[in-house]
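Chains, contacts and geometry: an overview
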Amino acid sequence: QPGVPISIPVTSNCTGIKKIPDDDHPFIAPGPDDQRGPCPGLNTLANHGYLPRNGIVTFAQIVEAVGEGFNMEYDLAAALAAFAMLGRGNAYLDLVSIGGESPLIPPLPGFIDGHHAPYGISKHGRFEGDMSITRQDAAIGDNVNFQEDLYDELLLYTGKYGDDSPVTGNSSIVTLKVMQEFKYSRFLEDQVKNPVLEYHPGRFATSYGEAAFVLEFFANGTDGKLSVPAMGSFFRYQTFPQNFYRRPSPADIGVIGWTSHRIMIAHPLRPGANAPNGTYVPDIVPRSCDHVYYDLAVKNLPATLMTTTGLFRKNIDFLLNKTATPFDCPVIPPIGAP
Ligand code: HEM
Ligand code: MG
């Protein structure tokens, strides 16, 4: 089968506030063969046809969909899409599953031993990791689907620390304070519950990043506020809430990094992992251009990507470049296990 060059996103220069979804993108529940996974953002976009409804997507389709639906800035979107494609997709055919393995995505040429199968982003490791918001750690539960008990904790913290809603009068607005307290409590419980917890710099950053995504992308663009019903719409039903407007300006790595930092710094933690005796051991952070970039895209991606040639290699080089861009780092070739 001949390869396909990585698709180039068509970027819109209309990046303001906008009602989402439009009439062309109604919610349709996924069928049994449609792939859905650990990302409520991508799942929602697929349920509305901003991404192919079967959940099998190209680089450009991801970048365009997150831009249109949520106003995620181009370089950030491209880095995430490229990382997903390199880590869990088929970069030779420009296809990745937003859920699990699919017959629609064949194995990579030259990697028939299955070491680098296009498993989809649901597969634990590389991208999917521990300390998620509404998904359990892979070692102790379901790391792919929405978990009621974890979401209940988030609701509990919203009740305790959220702002009052002008509509209902009770504390049902999800604020920075809610995320600060929720993330810290998740860490304390998870550190005890998961004996093989891994929270290294890449996952540490994406974990707080996802908490920032909730505040920055799920909030309504009209007033910047996130209500409990709107949050539930995204997490539980994976559909846009009534009267949702995407944020009025694109959120780039700077916006997300700053919100992540503000969530974390209320209860400062360090990247690390559990030792066999159950204690949390902080990492000694390696010196590199950017330790998040290094951990995610250099240590986590397989070194075997660099043994490819021809169009396959061209695609990989293109995607490696995209992962480095928002970090302002030169591309460092991956050194990870197959
Ligand atoms: C989680 C991929 C965009 C919101 C995840 C995870 C993956 C992923 C693999 C699982 C990580 C884990 O928690 O273990 C991607 C890719 C994107 C993207 C490739 C392409 C740009 C978005 C957008 C939003 C979003 C635009 C918000 C509108 C979230 C949230 C979580 C998450 C909130 C955490 C879910 C939870 O823990 O309950 N994403 N994502 N993502 N993503 Fe995305
Ligand atoms: Mg996870």
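As the structure is a prediction and not an experimental result, all values here were calculated from the model. (Residues numbered from 1 in each chain as written. Chains lettered and ligands numbered in written order. Predicted model: local features only at pLDDT ≥ 70, side-chain atom pairs only at ≥ 80, totals over all residues.)

1. Quick word on the overall build of the chain
Helix and strand content of the chain: 10 helices and nine strands. Relative to the compact-globule value of 20 Å for 338 residues, the chain shows a C-alpha radius of gyration of 19 Å, a close match. Taking all 338 residues of the chain together, 49% fall into the buried category. Partitioning the contacts of the chain with sequence separation of at least 6, the portion at a separation of at least 24 is 67%. (Helix = DSSP H or I, 4+ residues; strand = E, 2+ residues; numbered from the N terminus. Rg over C-alpha atoms; globule rule 2.2 N^0.38 Å. Buried ≥ 20, exposed ≤ 12 C-beta atoms within 10 Å, placed from the backbone. Contact = placed C-beta atoms within 7 Å.)

2. Points about the site of ligand 1
Near ligand 1 you find 25 residues, and of these C39, G41, S132, T134 and F217 are the closest. At the level of elements, α1 (40-47), α2 (59-70), α3 (74-88) and α6 (201-217) are the ones that each hand at least two residues to the shell around ligand 1. Considering only residue class, the shell around ligand 1 consists of 18 nonpolar, four polar and three charged. (Near = placed C-beta within 6 Å. Nonpolar A, V, L, I, M, F, W, Y, C, P; charged D, E, K, R; others polar.)

3. Some remarks on the sheet that holds strand β9 (residues 280-282)
One open sheet holds the three strands; their spatial order is β6-β8-β9, and the pairing between them is antiparallel. On the outer flanks of this sheet lie β6 (198-199) and β9, each paired with one strand and no other. (Pairing = 2+ DSSP bridges.)

4. Digging into the packing of helix α4 (residues 148-161) against helix α5 (residues 176-193)
Put simply, α4 and α5 touch, their axes get as near as 9 Å, and they point 135° apart. Taken as axis vectors, α4 and α5 run oblique relative to one another. With respect to the hand of their crossing, α4 and α5 are arranged in right-handed fashion. Between α4 and α5, the contacting residues are E153, L154, Y157, T158 and Y161 on the first element and K177, V178, E181, F182 and S185 on the second. Partitioned by chemical class, the residues of the contact of α4 with α5 number five nonpolar, two polar and three charged. (Axes fitted to C-alpha atoms, helices over the stretch in contact; angles between N-to-C directions. Parallel < 35°, antiparallel > 145°, perpendicular 65-115°, else oblique. Left-handed = near helix turned anticlockwise from the far one by under 90°.)

5. Re the nonpolar core
Counting residues in hydrophobic clusters, the biggest one holds 85 residues, and the most contacted among them are A77, A81, A82, F83, M85 and L86. With 12 residues, the top contributor of residues to this core is α3. Sequence-distant contacts of A77, defined by excluding residues within four places in its chain, comprise I62, V63, V66, G67 and M72. (Core = buried A, V, L, I, M, F, W, Y, C linked by C-beta atoms within 7 Å.)

6. What to know about the environment of F204
For F204, the position within the fold is in helix α6. Taking C-alpha positions, F204 is 9.3 Å from L269, a pair spaced 65 residues apart along the chain.

7. Details of helix α9 (residues 291-299)
Counted residue by residue, α9 has nine buried out of nine residues, so it is predominantly covered. Taken as a whole, α9 has its buried residues at H291, V292, Y293, Y294, D295, L296, A297, V298 and K299. The secondary structure elements touched by the buried residues of α9 are α3, α6 and α10 (310-324).

Shape descriptors only; they carry no functional weight alone.
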